[in-house]
Amino acid sequence: MKLTKSQTKKQDECMSILKKDVLSEDEKIFILENYNEGAYSINSKYGAFFTPIGLARDFSIEITGNKIVDLCAGIGCLSYYAQMRRDVEITCIEINQEYFNIGKKILPNAKWINASVFDLNIIKSIGKYDQSISNPPFGKINGCKSDYLKYKGAEFEFKVIEIASMISDYGTFILPQM
């Protein structure tokens, strides 16, 4: 994906900010608003798109409970706004190493797990949550080892929902209408 000059300037500023060990709240929001997930890779191939910040803010209204897991957390936008509304214990699971590293700077108090949500050992070890949240990648995505799931279809998002049902009492997801 080719970025515009304005997007490139903002992406460069994000990368400069991310060199810091600790970020201010303003810097975190700047990154959530301007970091471009497609700047260095073709995310559309994998169905991965970051949650627009306004949608993440609105989504946070639907978050209940005190123990939350964010499946396919990206850089933590959904979790960031969840913790702004209430005092919650958050676990973020993200497979992409770059997003994981950025997310740890955005939400340093969250528990971050750099793994696939399809890793059954991880799912069994993380315990039970009040709520799962996610804006998962969507569509037919290869590489989702999920033989243990009841859902045998190819749609990634439905697999994530089933995993959430295994570890949480309640779930809220952002899914495209098709």
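The structure under discussion appears in the preceding block.
Residues numbered from 1 in each chain as written. Predicted model: local features only at pLDDT ≥ 70, side-chain atom pairs only at ≥ 80, totals over all residues. Heavy atoms only, no water.

Asks: Tell me what's going on with the packing of helix H1 (residues 5-17) against helix H2 (residues 25-34), and back it up with residues and numbers.
Replies: In the contact formed by H1 and H2, the axes pass within 10 Å of each other and the chain directions differ by 140°. Compared by their axis directions, H1 and H2 come out oblique. H1 and H2 meet at a crossing whose hand is left-handed. Across the interface between the two elements, Lys10, Gln11, Glu13, Cys14 and Ile17 from H1 touch Glu27, Phe30, Ile31 and Asn34 from H2. Along the lines of polarity and charge, the residues of the contact of H1 with H2 split into four nonpolar, two polar and three charged. (Axes fitted to C-alpha atoms, helices over the stretch in contact; angles between N-to-C directions. Helix = DSSP H or I, 4+ residues; strand = E, 2+ residues; numbered from the N terminus. Parallel < 35°, antiparallel > 145°, perpendicular 65-115°, else oblique. Left-handed = near helix turned anticlockwise from the far one by under 90°. Contact = heavy atoms within 4.5 Å. Nonpolar A, V, L, I, M, F, W, Y, C, P; charged D, E, K, R; others polar.)

Asks: If you had to explain the sheet that holds strand S2 (residues 89-94) to someone new, which residues and values would you point to?
Replies: Within the open sheet, the five strands sit side by side as S3-S2-S1-S4-S5. Their pairing is parallel. Strand pairing shows two members of the sheet lacking a second neighbour, strand S3 (111-114) and strand S5 (168-173), which therefore form its edges. Each neighbouring strand pair of the sheet contributes to a mean axis angle of 20°, computed without reference to strand direction. Relative to S3, helix H5 (residues 97-106) is tilted by about 170°, and along the sheet it contacts S2 and S3. Packed on one face of the sheet, helix H7 (residues 156-167) meets strand S1 (67-71), strand S4 (129-134) and S5 and runs near 150° to S5. (Pairing = 2+ DSSP bridges.)

Asks: Could you give an account of the environment of Ala154, naming the residues involved and the relevant values?
Replies: Its place among the elements puts Ala154 in the loop between S4 and H7. Considering only alpha carbons, one finds Ala154 and Phe138, 16 residues apart in sequence, at a separation of 9.9 Å.

Asks: For the packing of H2 against helix H4 (residues 77-85), give the residues involved together with the corresponding values.
Replies: With their axes 11 Å apart at the nearest point, H2 and H4 run at an angle of 140° to one another. In terms of orientation, H2 and H4 fall into the oblique class. When you trace H2 past H4, the crossing you get is left-handed. The segment H2 lies against H4, with Glu25, Lys28, Ile29 and Leu32 engaging Cys77, Tyr80 and Tyr81. Broken down by class, the residue content of the contact of H2 with H4 amounts to five nonpolar, no polar and two charged.

Asks: Run through the nonpolar core, naming residues and quoting values.
Replies: Counting 32 residues, the largest nonpolar core has Ile31, Leu32, Tyr35 and Ile106 as the members making the most contacts within it. Those elements that place two or more of their residues in this core are H1, H2, helix H3 (53-59), H4, S2 and H5. Considering every element that reaches this core, the biggest residue donor is H4, with five residues. Core analysis: the second largest hydrophobic core is formed by 18 residues, Val69, Cys72, Ile93 and Ala115 among them. (Core = buried A, V, L, I, M, F, W, Y, C linked by side-chain atoms within 4.5 Å. Buried < 20%, exposed > 50% of the residue type's maximum accessible area, 1.4 Å probe, protein only.)

Asks: If you had to explain the pattern of salt bridges to someone new, which residues and values would you point to?
Replies: According to the stated counting rule, one finds two salt bridges in the structure shown. The partner of Lys20 in a salt bridge is Glu27, with the nearest N and O atoms 2.2 Å apart. Here Glu27 falls in the buried class, since its relative accessible area comes to 15%. One salt bridge in this structure joins Lys28 and Glu25, with 3.2 Å as the shortest N-O distance. Of this pair, Lys28 and Glu25 both sit in helix H2, separated by three residues, roughly a single helical turn. Under the relative-accessibility criterion, Glu25 is labelled partly exposed at 41%. (Salt bridge = Lys/Arg side-chain N within 4 Å of Asp/Glu carboxyl O.)

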